[in-house]
Structure formats: structure tokens, C-alpha cells
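Chain and residue survey
Next come the chains, spelled out residue by residue.
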Amino acid sequence: MVGYLVRRLAACVIVLAVVCVFTFMIFFWFSPDPAAQICGKTCTPDRIAQIRANLGLDQPFLEQLRVFVSGLFAGRDWGTGADAMHCAAPCLGYSFQTNESVTDLLIDRLPVSVTLATGAAVLWLLVGVLGGLVSAVRRDSLWDKGVLAFGLVGISLPIYFLALVLQYLLVVKLGWLPFPRAVPFTEDPVLWFESYLMPWVVLAIVYAAMYSRIVRSQVIDTLEQGFVRTARAKGLQRHLVLRRHALRPSLTPVVTLFGMDFAALLGGALITETVFGLDGVGKLASDSMATNDQPVIMGVTLLAALLVVVANLVVDISYRFLDPRVRRGTP
Amino acid sequence: MAIPAPDTVGVPSGAGAPASGAPASGRAVVRDLLRRPGAAIAVGVLGLIGAMALAAPLLAGLTGWDQYSFDPSAIDSYSGGLPRGGWGGISGDHWFGVEPGNGRDMFMRIAYGARVSLAIAISATVLTTTVGVVLGTLAGYFGGWVDTGLSRAMDFLMAFPALIFMIALLSALPGGNRPVLLVLVLSVFGWPYTARVVRGQALSLRNQEFVEAARASGASRWAIVFREVLPNLRGTIVVLATLAVPSYVATEAGLSFLGVGVTPPTPSWGQMIASAATWYAVDPLFLVIPGAFLFATVVAFTVIGDHLKSILDEGAVH
Amino acid sequence: MSSRRFGLVVAVVGVSLVLAGCKGGDDGDGGAGAGAGAEQGGTVHVLLAEDFSHLDPAQGWDSGVSNLYRLLYRTLTATGPGGTDTADDIVPDLATDLGTPSDGGKTWTFTLKDDVAFEDGTPITSADIKFGVERSLDPRIAIGSPYAKTTLELPEDYAGYYESGPLDSIETPDEKTIVFHLDHPEPEFASVVSQAPFTPFPHEQADTITRSSVDTAPVASGPYRVESYDRGSSLVLTRNEHWSDASDDIRTAQPDEFDFTIGLDPATIDERLLAGQGDDANAIGDQIQPATLGRLNAPDIKSRVVSGMTGCTGFVQLDTSKDGMDDVRVRQAINYAVDRTSMQTAAGGPQMAETTTTILPPSLPGYQEFDLYPGPDVAKAKELLAEAGYADGFEFTLDVAAAPSSSAQAEAFQESLKKAGITVHLNSIDAATYYEVVGAPAKQDDAVLASWCPDWLSGSTFIPPLFEGSQIFDQGNSNRSMLDDPEINSEIQRIKSMTDVDAALAAWGDLDRLVMEKAPIVPTLNGNSVHVAGANVAQAFSNPSLNGNIDYAVVGLHDPDRG
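Keep in mind that this is a model prediction, so the values were computed, not measured.

Looking at the overall build of chain C
- Scanning chain C from N- to C-terminus turns up 17 helices and 19 strands.
- Relative to its length of 563 residues, chain C is compact, with a C-alpha radius of gyration of 23 Å against a globular reference of 24 Å.
- By principal-axis analysis of the C-alpha atoms, chain C measures approximately 70 × 60 × 40 Å.
- Within chain C, residue pairs in contact and separated by at least 24 positions form 75% of the contacts whose partners lie at least 6 positions apart.

Printed below as a string of C-alpha cells:
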């Protein structure tokens with residue numbers, strides 16, 4: 001077990017390291033020069049050179065990478081004299097645009113993304129898993145057809161289209177909901193709920209559609225497998241068969257998927273946050289890309305990768321404890 | 001498969017791949033498919049959209065408009081360029097109305113947009129399927145360090161915040177040939193989803209009797225891969241590819257929506273939806289029409305993929 | 001300043017506003033909606049798509065942030081209050097008058113008013129203005145308005161207060177008097193000191209006010225101070241208790257608070273302003289989207305519309321150093337061929353922009369109306385192309401920012417030139433880096449779609465940056481026509497040295513025509529600004545000196561308790 005953990009952890013670190021190096025390479029070779037951008041309209045070659053030096057952009061690729069990585073673990077220091085700033089580990093650098101610490105920016109923006117992801121996840125798990133389950137058990141019923149149709153429509157609707165249509169109907173036309181914005185719960189719980197409701201529903205529809213399809217097909221597969229048929233042949237009641245035998249193997253892949261999807265959403269629902277103007281990590285990502293703010297893009301990318309990798313790890317490890325087949329090492 | 005999560009970093013999900021089994025004859029599969037009403041309708045819808053895309057230049061001759069020419073008479077410049085006559089400016093002249101602000105013909109933009117969207121999605125599918133099948137088979141069949149290396153690469157690409165990264169990359173890269181760039185970017189992050197499934201299937205085929213028999217008879221490893229393993233994966237590959245097309249259509253539209261896709265004035269559905277974002281309250285049809293085409297295309301491909309999968313599954317069970 | 005906000009340009013026609021009295025809103029004329037009649041107190045909400053560039057006045061240089069600076073900072077002179085006769089003039093602010101030149105315009109002396117103070121209560125002295133200017137000359141932060149640097153007499157390698165210490169060319173004989181020594185005579189120096197880098201900062205706190213501190217923790221000299229700032233999402237301003245109304249003839253500062261919500265989708269801003277629910281009744285916002293124009297005629301909305309001119313010119317700069325483009329006949333042919341009306345429609349129609357055939361916008365004194373290339377005249381364009389040896393057509397590449405309004409205009413430009421056999425290829429460049437890319441002559445293509453807004457209302461901030469040969473730079477170049485024409489260069493020098501300010505203003509208008517004869521540019525549109533204000537918002541005036549934005553300095557609420 002310890003050996004396994006160490007191997008898995010090492011793999012995670014390697015993935016993150018490669019993401020980091022890759023992103024750095026893109027910035028280094030392809031991206032327009034951020035110094036020219038900061039330099040503004042009355043720029044001179046001298047000042048560009050100076051800005052490049054201040055930002056450390058005049059350094060060779062490996063040196064820049066080294067500074068960044070050491071900042072992650074040991075923190076970094078900026079400026080001299082009264083301008084000196086210390087950025088404690090894990091330091092992701094400072095935004096080129098606003099001079100704010102990227103780590104602080106991410107921490108500031110996370111609560112919105114977490115609220116958005118959690119609310120949506122509750123909704124989509126309820127609708128998606130229950131819908132898929134009932135649909136599989138009552139195959140070919142009206143209910144099943146409804147879930148299938150929902151699944152098909154839901155996965156085929158582009159999220160930005162759905163968001164715009166719902167906003168038009170619920171906010172502009174009917175006036176049932178306010179325009180979404182990131183109201184903190186502590187400020188006004190009612191407004192908080194009203195503001196997040198539409199983004200939750202939009203995200204949940206798309207994911208619930210996907211999950212209902214997966215759960216349905218998994219449960220049907222399991223119900224047709226030998227051991228379930230045997231259990232039923234032995235006269236076990238239908239719902240007992242389902243609960244004791246079919247549920248766990250069917251839902252295992254869903255748990256894996258959920259871990260990844262949820263983690264990815266924590267790292268920012270880029271389109272939903274952008275369309276609804278919610279100040280989460282996803283909005284931060286799209287804003288920083290619009291301004292070529294490389295340290296922030298780097299931070300968001302790394303955070304997103306970290307969350308997915310950690311979710312993966314947690315899911316894998318919990319399987320080893322939960323699922324007897326995995327523990328024995330059979331696939 | 002290969003349906004990247006809708007609003008995040010491209011974690012894929014979707015229904016499982018079909019069981020691999022004895023290959024059914026292609027003609028029988030098509031016959032079965034067309035016998036199912038849902039699938040037949042989907043094939044019909046795709047046929048229409050495909051025909052519209054292919055015939056776009058002919059249609060241009062028919063309607064008298066092309067995808068670029070402005071029609072100032074169809075819009076009211078004192079209302080910010082709103083189409084005249086309500087309903088998005090739908091008229092005998094402009095079958096789907098006109099684009100606000102310049103009066104370009106929506107029908108032609110939709111038709112040419114279909115060309116762009118489908119060409120990109122299908123190219124990306126061909127590329128990812130080829131790469132995914134080759135590398136997946138290699139990993140699954142040969143195992144060992146080949147498998148380890150390829151699997152790590154797949155893990156890596158799938159853990160990568162793909163959407164964020166695609167946008168960052170596309171906005172950083174200079175102009176160039178946008179459609180080709182889009183195909184490449186979609187493919188880099190798309191192939192592992194095909195390869196992963198193919199690998200699993202190849203792995204299970206490796207120890208099946210007919211493969212062992214071929215091995216015993218002295219066939220080379222490559223011959224086994226191409227003559228025994230790949231033909232047995234045919235069903236899986238067809239289903240994966242069918243379901244990959246809509247996911248690329250959607251992703252391309254999403255990237256165009258976010259402003260890093262196809263550059264104007266070339267039309268694309270996602271870009272049209274993006275421009276409609278400021279107009280939806282006064283000209284809802286400008287949003288609804290490209291949205292409906294995008295939706296119909298994705299649904300149709302998905303329905304066909306679902307039915308193909310279930311036909312092949314049944315074939316395997318029988 | 002060239003327009004940094006790519007949303008671009010501009011618009012329109014001055015639906016001229018009822019000029020409602022001057023400063024001081026208590027004498028409202030009962031005008032509806034956007035009109036006069038603000039009461040003391042309340043919170044004005046501002047809905048914005050993009051964040052302000054910088055709180056540090058040494059760094060911010062665009063119309064959006066200049067408007068914010070009016071609330072936070074005071075300078076020796078400033079743009080007059082919106083809604084009054086002086087809205088397009090430079091008037092005294094911290095100074096008692098517009099300064100006294102001596103030494104043939106090379107030395108300027110200003111006297112400060114009494115009763116002016118920073119937010120901590122420290123009185124503002126001449127030494128604080130001196131420190132502010134010295135600080136702003138630090139090359140690490142000097143990315144804002146460049147005029148301090150280009151007019152003051154500076155030692156060869158002066159690198160700002162922190163590196164090089166105090167400047168000898170700014171003298172402060174006493175706390176109320178400040179004397180500037182210039183590098184060359186500058187008749188418009190009273191306008192130069194209205195620029196943000198002349199903002200005072202307490203010189204006694206020079207060890208805590210650093211290069212970077214102002215951008216996050218500014219020291220207010222205007223009527224408001226920063227209460228909280230969450231970059232990219234919100235900015236809250238509350239009263240600076242030490243600002244005195246009596247010393248300020250520009251700002252009315254009626255509201256107790258300004259509450260900026262940042263990062264909203266432009267369409268959402270429009271919907272909220274039109275709906276005006278709750279706090280949105282007290283809100284103003286960005287320029288509206290063309291899509292919203294059609295809804296402004298509704299009776300309850302019409303009275304809330306605030307419009308004016310941006311005072312900017314949109315154009316296509318033709319790179320005269322490129323093959324083909326170096327032939328004046330080709331450039332003239334393009335000027336004949338362009339269909340400005342279709343570009344106007346693409347930009348949102350007559351309410352959002354006026355077509356123009358001149359470089360200077362009508363808001364500049366000295367503006368002359370003329371059209372050297374009446375069109376669109378396809379036959380004339382083809383004839384000129386044939387003369388130039390391009391009878392079979394001409395091709396070139398146009399750089400354009402990947403933003404909706406710019407793209408729409410570029411497509412209309414492309415479409416109209418097609419009729420004259422000119423093929424335009426569009427090169428879409430990421431909006432965030434657009435001006436950096438086209439500001440490097442090595443990277444720009446044959447033509448560039450851009451716009452320019454004056455820093456103050458004089459041709460001196462318009463023609464030289466766009467057409468003077470000595471202003472071609474490797475980076476941050478704005479002479480993207482790459483024009484280095486002896487006749488134009490010498491004329492620019494001649495006008496710059498004129499001491500009669502009014503004669504100089506008129507001379508810029510004459511020079512406009514001379515430049516257009518050489519056709520290094522295709523002027524296209526003068527933008528208008530169209531805003532919608534909440535029903536409870538009073539004194540919302542489009543200020544021509546702030547690119548037509550609603551002047552924060554005078555806006556207020558009818559009923560401060562509402563919302």
C-alpha cells in the first residue's frame with residue numbers, strides 16, 4: 001500500500017511538473033511580449049528592456065522556470081527598499097496587470113467557484129443519478145423515454161446557448177430572477193440563493209444529462225451480468241438485487257467521473273462564470289487570457305491541473321479501500 | 001465517449017464503449033440502423049445539413065446572396081442595425097433573416113458555417129481516431145514499456161486543463177490558418193479518449209483464442225495487429241468516431257464563442273451565437289437559428305452513435 | 001490618447017443636452033432622468049465591463065480612468081465640469097488660475113488655492129505637486145500620459161524621484177507657489193498640468209509612498225477616497241472628509257458613495273440599466289451596445305438617455321512605406337472606394353457614429369469640414385489604381401483587433417473595397433495585445449484599423465503623434481502610416497512653436513487638409529457616446545473632454561434615500 005501511494009504521488013507530481021513546463025514553454029515561445037504590453041503607448045526600447053528585466057523576462061528559459069518553481073516551494077522576494085514585497089510559498093508570482101499576488105487572487109476567487117460547483121453538483125447528482133437509475137430499472141417505460149430525451153437534449157445544448165436562453169426567459173422576459181452576481185451568503189442569503197440559482201441549474205442540466213446517460217447504461221450492463229442474474233434467479237427481490245448487487249458496481253465509474261468533474265469545476269466553470277459575470281476562478285482565467293496576464297493564466301492552469309490530479313488520486317485510493325476487487329488487484 | 005465535460009477542463013465522460021465482438025457486416029449494421037425510426041430521422045437531419053453544406057455555393061446562386069455581402073436595405077441603421085420587419089428579417093429574400101448590423105444573409109452564413117464546423121470536426125475526428133487507434137492498439141497489444149509510456153502520456157493529457165489551455169494557446173498563436181490550427185489543438189487533447197478505450201479492448205483481445213492461434217502459427221506481431229486485432233475493433237472505432245464528431249462540433253463552436261476560433265468574416269456557428277449574445281433580447285432569432293443548427297447536428301450524431309452502439313452490442317450478445 | 005478600450009469608437013452625434021446650470025445641483029430645474037437636480041447623499045452605482053487600468057495616476061491613461069481620477073485626485077488645472085459651458089475647457093483646479101508664462105513660454109508659475117488637503121488632512125503644498133511629478137517620471141511606472149516628460153527640462157538620464165532624487169527644474173519658492181522650467185516654449189502648458197502625472201502626493205510620506213504603493217493604496221486629494229478595491233470585481237469610494245467644496249469649482253460631489261461593479265457582461269449591463277430594478281435605479285454604466293439602441297425610444301427610457309460626442313476619430317492608417325501603399329494614387333483610390341456609411345452601420349448606425357472625411361474630430365477647435373475624396377466613387381478609385389499600374393486589382397492586409405465592433409467595421413471596410421477591385425485580407429489580432437503588435441512597425445501589416453482621441457482639445461495632441469516623422473518608434477509607435485514627409489514635419493514644427501494659442505489651433509485645421517492630400521490615412525467615423533442612466537440619477541452629463549463618458553464629477557441622485 002505504501003509503495004502504491006508513493007508511486008501514485010510521484011505520478012501526480014510528474015503530471016503537474018509537465019503541465020508547468022508546457023505552459024511555460026507556450027508563454028516563452030509563442031506569446032506576445034508582456035513587457036511591450038505593460039510598456040504602453042509611449043514605449044521606448046529602453047523601457048521595454050527595463051520592464052523585461054524587472055519581470056525577469058530577460059532571463060533564459062530554464063532560469064525563469066527555476067525561479068518560478070523555487071517560488072512555489074520557498075517563496076519569492078520582489079523589489080528593493082520600500083518597494084520590497086515578500087511572496088510566501090506557495091508563490092505563483094504577481095499579476096502583470098494588477099501587481100497582486102496570484103496565490104491571493106486564486107484564494108479570493110475560489111469561494112465563488114466552490115459555491116457554484118457545489119450547488120450544481122448536488123442538483124446534477126440528484127437528477128442525473130436518480131433519473132438514470134429509475135430509467136434503467138423501468139426500461140422502455142414512459143419515464144425511461146423521458147430521461148433518455150432529457151439526456152440527449154442536455155448533452156447537446158451548448159452551455160452558453162442554454163445560459164443565454166434561460167437568462168433571456170427568466171430574467172429579461174419574466175423577471176423571476178435577478179441578474180446573477182456573486183453575492184456572498186453572509187450578505188443576503190435570499191439574494192445569494194436567487195443569484196446562484198440560474199447558474200446552478202444551467203450547469204446541472206448539462207451534467208445531469210450526461211450522468212443520467214452513464215448511470216442508465218452502467219446499471220443496464222450490470223443487471224445483465226451473470227452474478228445479478230443468478231441473484232435474481234435465486235428469488236431475491238428486485239429492489240434487493242438492485243441494492244445489494246447492482247448498485248455498487250454500476251456506480252463505481254460514476255464516482256470516478258464525479259470526482260474528476262467536480263474537481264474540474266472547482267477550478268473554474270469558465271463559460272458559465274463568464275456568461276453570468278460571476279467572479280470565480282473561471283472568470284479570472286478568461287479575464288487573464290484576455291489581457292495576456294501570464295502569471296495568472298499559469299496559476300489558474302496549475303490549480304485546475306492540481307485539483308483534477310488530486311481528485312483522481314483520492315478516487316483511486318478510496319477504491320483500494322472500498323472495492324474488494326480492486327484491492328485484490330484484478331481490474 | 002470523447003464528450004469533454006461541458007464547462008471545464010475537458011475531463012471526458014460518456015457512455016461506455018460497445019463490447020467488442022465478432023464483427024457484424026457493415027451493410028447489416030446500416031440496415032439495422034435505418035430500421036430504427038430515431039436513427040433514421042437523425043440520418044435524415046444530418047443528410048440535410050450535409051447537403052446544405054456541400055451545396056452552399058449552389059444555394060448562393062439560388063438565393064442571390066453569398067455569405068459575405070451586406071444588405072443595408074434589410075436593416076434599420078437608426079436602431080443600431082436591427083433587421084427590418086421583425087422575426088430577424090425573415091423574408092422571401094432572406095430565408096433565415098439577416099445578421100444585425102450588416103444585413104448579411106443568415107441562410108448563407110448558416111450553410112457556409114456548416115462547412116466550417118463540419119470540416120473541422122470531421123478532420124479532427126479522422127486525425128484523433130487514426131492516432132488514437134494506432135497508439136491505443138500498440139499500448140494494449142504490446143504492453144510493457146510501450147504501454148507504460150503511452151498510458152502516462154494519456155493520463156497527462158487528460159489531467160491537463162484542456163479548455164483553458166486551448167484558449168491560451170489559440171489566443172497566443174499568431175493568425176495563421178485558423179481551421180488547421182483548431183483541428184490540431186482539438187486533436188492533441190482529443191486522441192487519448194479514443195486511445196484509452198481502444199487500449200482496453202486490445203488488451204482483452206490479446207489473450208483471446210484466435211489471436212493466440214495466429215501467434216502460434218507464426219504470424220508476425222504487426223500482422224496480428226493489423227489482421228486480427230484491428231478488424232475486431234471496427235465496431236468500437238465506428239462508435240467512438242461517431243460520438244467524437246459532435247463533441248468536436250461543440251468544442252469548436254465553444255472556442256469560436258469565446259473568440260479564439262475561426263476568424264471573421266468566415267462564418268461559424270459558435271461565432272454567430274457569440275455575436276448574438278448582445279442581440280438576444282431584441283433579435284432572439286439571431287441566437288436561436290445558429291443554436292438550433294448546432295443543437296440538431298450534435299443530437300443527430302449522438303443519436304446515431306447511440307444506436308450504432310446498441311446494434312453492435314446486440315450483435316456481440318447474440 | 002489613442003483609445004485603449006477596444007470597444008471602440010465612438011459615436012455620435014451630439015444630441016445636445018440641456019445645459020443645466022453649473023456646478024451645484026441643488027438648483028435643479030426639475031429636468032427628468034438624466035437632467036439636473038441632484039441632492040446631497042446616497043450611493044451612485046456604476047456598472048462596468050472592464051476594470052480600470054491603474055489607480056496610480058502615473059500609470060493610467062485612458063478616458064475611463066481619467067474620469068475616475070476626477071473623483072480621487074486633483075491637479076493644478078482640470079477639464080471643466082460636464083453639463084456646463086466649460087466642459088470642453090481646461091479650468092483651474094488646485095491652482096488659482098491657468099498659470100503665468102514667462103521667459104517666452106519656457107517658464108510657468110502657478111499659485112495654489114487655500115484650504116486644499118489630502119484624505120489624511122495634510123494640506124496640499126507645492127512640494128507635494130513637485131514630488132508627484134518626480135515620482136511619475138520613474139521609468140518603471142511612467143506608462144501614463146507622457147507630457148510631463150516631453151515638456152519639462154530634465155537631466156539626461158533622470159529616472160524619477162526614487163533613483164535620481166528631486167528635480168531642479170521644478171521650484172517651490174513657498175508652500176503655495178510652484179514654478180516649472182520647460183525644455184522648450186509650450187503655449188499649452190496649462191493643459192499639460194491637467195494630465196494625471198501632475199497629481200500631488202504628500203512629499204513628507206515619500207518613504208511610504210513607493211513606486212508600487214499608489215496603485216493599491218492611493219492617497220486621495222479629490223472628494224472621494226478608496227474604501228475597498230477588489231480588482232476585477234468591485235471598487236467602493238467614500239467621502240474624503242478633508243476635501244472642501246469651497247475650494248473646488250469643478251466637482252459637485254453630491255453622493256456619499258460611489259459603488260463600481262466591474263466585470264459584467266456588456267449585454268447584462270444594458271439590460272440592468274434599462275430595467276432599473278432596485279439599486280440599478282441609481283446606476284450608470286458603460287456606453288450601451290448597438291443592439292440596445294432600438295429600445296431607447298420607449299417613453300420611460302428616452303428621458304434617461306445621455307448622449308454626446310466622444311471626440312475621437314476612427315480610421316485606417318495606410319503604411320506608406322509598404323510596396324504599393326507608397327503610391328499616393330493607391331492610397332487616394334482607397335479613400336475614394338471606402339463606403340463609410342456601411343462602416344457606420346456596422347458600428348451601430350448614426351446614433352453611435354458619424355462618418356468623417358477629416359482627421360480632426362468636430363469637437364476640436366480649428367476643425368474644418370472638407371472632403372477631398374467624395375465617394376464611394378468606385379469608378380474614380382479604379383481609374384487611380386489603373387494609373388498606378390494596378391488595373392487588375394490591388395491586395396493588402398489590414399490589422400484589426402479581435403473585438404466585435406472593430407471586426408464589424410473591418411468587415412464593412414473589406415466589403416466596400418471589394419467593389420473597386422481591392423482585396424483586403426483581415427489579420428485579426430488578440431485585442432489585449434493589439435496596440436502592442438501594431439505599435440511595432442516590424443510587426444504591423446499594410447494597414448491598421450485604429451482610433452485616436454485628443455488628450456486635451458487641441459490639434460497638438462492629435463496630428464503630431466499620428467504623422468510626425470520624428471515620432472516613428474520601434475515600439476509603441478502611433479505614426480502607423482510611417483509618414484516622414486518633410487513638408488508636414490516642418491509645418492508641425494512651425495505650429496508647435498506658435499505662441500498665439502488660437503492661431504495655432506486654427507493652423508492645425510489647415511494642416512489636416514495638407515495631410516489628407518497625401519492620403520496616408522482613411523478617416524472613417526467620429527464616435528458618439530450613448531449612455532443610459534437610472535431613473536433616480538441626476539446630473540448625468542456626457543463630457544466631451546472625457547470621450548463623452550458621463551462625468552463622475554457632477555453626477556448625483558434625485559432622491560438619495562431611494563433604491
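Having seen the structure, we can now continue with the description.
Digging into the overall build of chain A
- Counting its secondary structure elements, chain A contains 14 helices and 2 strands.
- Residue burial in chain A is summarised as follows: out of 331 residues, 47% are buried.
- Intrachain contacts of chain A at a sequence separation of at least 6 include 64% that bridge at least 24 residues.

Re the interface of chain B and chain A
- Opposite the 41 residues of chain B that make contact, chain A presents 43 residues.
- Among the secondary structure elements, those contributing two or more residues to the side of chain B that touches chain A are helix 5 (144–159), helix 6 (162–172), helix 10 (234–257) and helix 12 (284–317) of chain B.
- A per-element tally of the side of chain B that touches chain A places helix 12 of chain B first, with 9 residues.
- Split by residue class, the side of chain B that touches chain A holds 32 nonpolar, 7 polar and 2 charged.

Describing the packing of helix 16 (residues 486–496) of chain C against helix 17 (residues 501–518) of chain C
Residues and elements named next belong to chain C.
- It is at 10 Å that the axes of helix 16 and helix 17 come closest, and there the two elements cross at 170 degrees. Between helix 16 and helix 17, the crossing angle belongs to the class labelled roughly antiparallel. Taking contact as the criterion, the partners of Ile488, Glu491 and Ile495 in helix 16 are, on helix 17, Ala504, Ala507, Trp508, Leu511, Leu514 and Val515.
- For the contact of helix 16 with helix 17, the residue count by class is 8 nonpolar, no polar and 1 charged.

Here's the deal with the sheet that holds strand 15 (residues 422–429) of chain C
Residue and element names in this part refer to chain C.
- The strand order across the open sheet formed by 6 strands is 13-17-12-16-14-15, and the pairing between neighbours is mixed. Bordering the open sheet on either side are strand 13 (353–355) and strand 15, each of which pairs with just one other strand. Strand-to-strand twist of the sheet, defined as the mean angle between neighbouring strand axes without regard to direction, takes the value 30 degrees.
- As defined by bridge partners, strand 13 adjoins strand 17 (residues 521–532) across 3 bridges and the pair is classed as antiparallel.

Quick look at the interface of chain B and chain C
- Counting from both sides, the interface comprises 26 residues of chain B and, opposite them, 29 residues of chain C.
- In terms of residue class, the side of chain B that touches chain C is made up of 13 nonpolar, 13 polar and no charged.

As for the pairing of strand 6 (residues 170–174) of chain C
All names here are of chain C.
- Relative to strand 7 (residues 177–181), strand 6 runs antiparallel, the two being bridged by 3 bridges. Bridge assignment links Glu171 to a residue of strand 7, and that residue is Val179.
- A loop of 2 residues connects strand 6 with strand 7, the two strands running antiparallel in sequence.

Some points on the sheet that holds strand 6 of chain C
Residue and element names in this part refer to chain C.
- Across the sheet, which stays open at both edges, the 4 strands sit in the order 4-5-7-6 with antiparallel pairing between neighbours. Strand pairing shows two members of the sheet lacking a second neighbour, strand 4 (100–102) and strand 6, which therefore form its edges. Shown here is a sheet whose adjacent strand axes are inclined to one another by a mean of 20 degrees, direction ignored.
- In the sheet, strand 5 (residues 107–111) pairs with strand 7 via 5 bridges, with the strands oriented antiparallel. Its bridge partner being in strand 7, Thr111 is matched across the sheet by Thr177.
- Contacts between helix 2 (residues 126–136) and the sheet are confined to strand 6 and strand 7, with strand 6 contributing the most and set at about 165 degrees to the helix.

Things to note about the confidence of the model for chain A
- The share of residues in chain A with pLDDT of 70 or more is 89%, and the mean pLDDT across the chain is 81.
- Segment residues 326–331 of chain A is flagged for pLDDT under 50; beyond a separation of four residues in sequence, or across chains, it makes 4 contacts in the model.

A short note on the pairing of strand 9 (residues 234–239) of chain C
All names here are of chain C.
- Summarising the sheet, strand 8 (residues 224–230) and strand 9 pair through 6 bridges and their orientation is antiparallel. If you follow Asp230 over to strand 9, its bridge partner there is Ser234.
- Here strand 8 folds back onto strand 9 in antiparallel fashion, the turn holding 3 residues, of which Gly232 has a positive phi close to 80 degrees.
- Here strand 9 pairs with strand 10 (residues 257–262) via 5 bridges, running antiparallel. Residue pairing across strands places Leu237 opposite Phe258, the latter belonging to strand 10.

Structural notes on the domain arrangement of chain A
All names here are of chain A.
- What the domain assignment lists for chain A is domain 1 (20–87) and domain 2 (106–328).
- The interface of domain 1 with domain 2 comprises 7 residues on the first partner and 5 residues on the second.
- Going through the elements one at a time, helix 1 (2–29) and helix 2 (34–39) are the ones with two or more residues in the side of domain 1 that touches domain 2.
- Considering every element that reaches the side of domain 1 that touches domain 2, the biggest residue donor is helix 1, with 3 residues.
- When its residues are assigned to classes, the side of domain 1 that touches domain 2 shows 4 nonpolar, 3 polar and no charged.

Some words on unusual backbone geometry
Residue and element names in this part refer to chain C.
- Residue Pro376 is reached from Gly375 by a cis peptide bond, and omega for that bond is 5 degrees.
- Among the structural elements, Pro376 can be located in the loop between strand 13 and helix 12 (378–387).
- For Asp103, which is not glycine, the phi torsion reads 55 degrees and is therefore positive.
- Along the chain, the position of Asp103 falls in the loop between strand 4 and strand 5.
- Taking the C-beta count within 10 Å as the criterion, Asp103 has 10 such neighbours and is therefore assigned exposed.
- Residue Met482 is not a glycine yet carries a positive backbone phi of 55 degrees.
- Secondary-structure assignment places Met482 in the loop between helix 15 (463–467) and helix 16.

A word on the packing of helix 10 of chain B against helix 11 (residues 269–276) of chain B
Residue and element names in this part refer to chain B.
- It is the contact of helix 10 with helix 11, at a shortest axis distance of 7 Å, that shows an interaxial angle of 40 degrees. Classified by the angle their axes make, helix 10 and helix 11 are oblique. Handedness of the helix 10/helix 11 crossing: right-handed. Touching Glu252, Ala253, Gly254, Leu255, Ser256 and Phe257 of helix 10 are Trp269, Gly270, Gln271, Ile273 and Ala274, all from helix 11.
- Here the residues of the contact of helix 10 with helix 11 sort into 6 nonpolar, 4 polar and 1 charged.

Re the environment of C:Leu48
- On the secondary structure map, C:Leu48 appears in strand 1 (residues 43–48).
- A C-alpha to C-alpha distance of 5.7 Å links C:Leu48 and C:Gly285, two positions 237 residues apart in sequence.

Points about the nonpolar core
- A:Ala120, A:Ala204, A:Val308 and B:Ile273 are the most contacted members of the largest nonpolar core, which has 176 residues in total.
- It is helix 8 (residues 189–223) of chain A that contributes the most residues to this core, 17 residues altogether.
- By size, the runner-up hydrophobic cluster in this structure holds 161 residues, among which are C:Ile209, C:Ala381, C:Phe396 and C:Ala403.

Regarding the environment of C:Ser470
- Here C:Ser470 lies in the loop between helix 15 and helix 16.
- Remark: the alpha-carbon pair of C:Ser470 and C:Asp484, spanning 14 residues in sequence, is separated by 7.5 Å.

Conventions used here
Residues numbered from 1 in each chain as written. Chains lettered and ligands numbered in written order. Predicted model: local features only at pLDDT ≥ 70, side-chain atom pairs only at ≥ 80, totals over all residues. Helix = DSSP H or I, 4+ residues; strand = E, 2+ residues; numbered from the N terminus. Rg over C-alpha atoms; globule rule 2.2 N^0.38 Å. Contact = placed C-beta atoms within 7 Å. Buried ≥ 20, exposed ≤ 12 C-beta atoms within 10 Å, placed from the backbone. Nonpolar A, V, L, I, M, F, W, Y, C, P; charged D, E, K, R; others polar. Axes fitted to C-alpha atoms, helices over the stretch in contact; angles between N-to-C directions. Parallel < 35°, antiparallel > 145°, perpendicular 65-115°, else oblique. Pairing = 2+ DSSP bridges. pLDDT = per-residue confidence, 0-100. Domains from an automatic or database assignment. Left-handed = near helix turned anticlockwise from the far one by under 90°. Core = buried A, V, L, I, M, F, W, Y, C linked by C-beta atoms within 7 Å.

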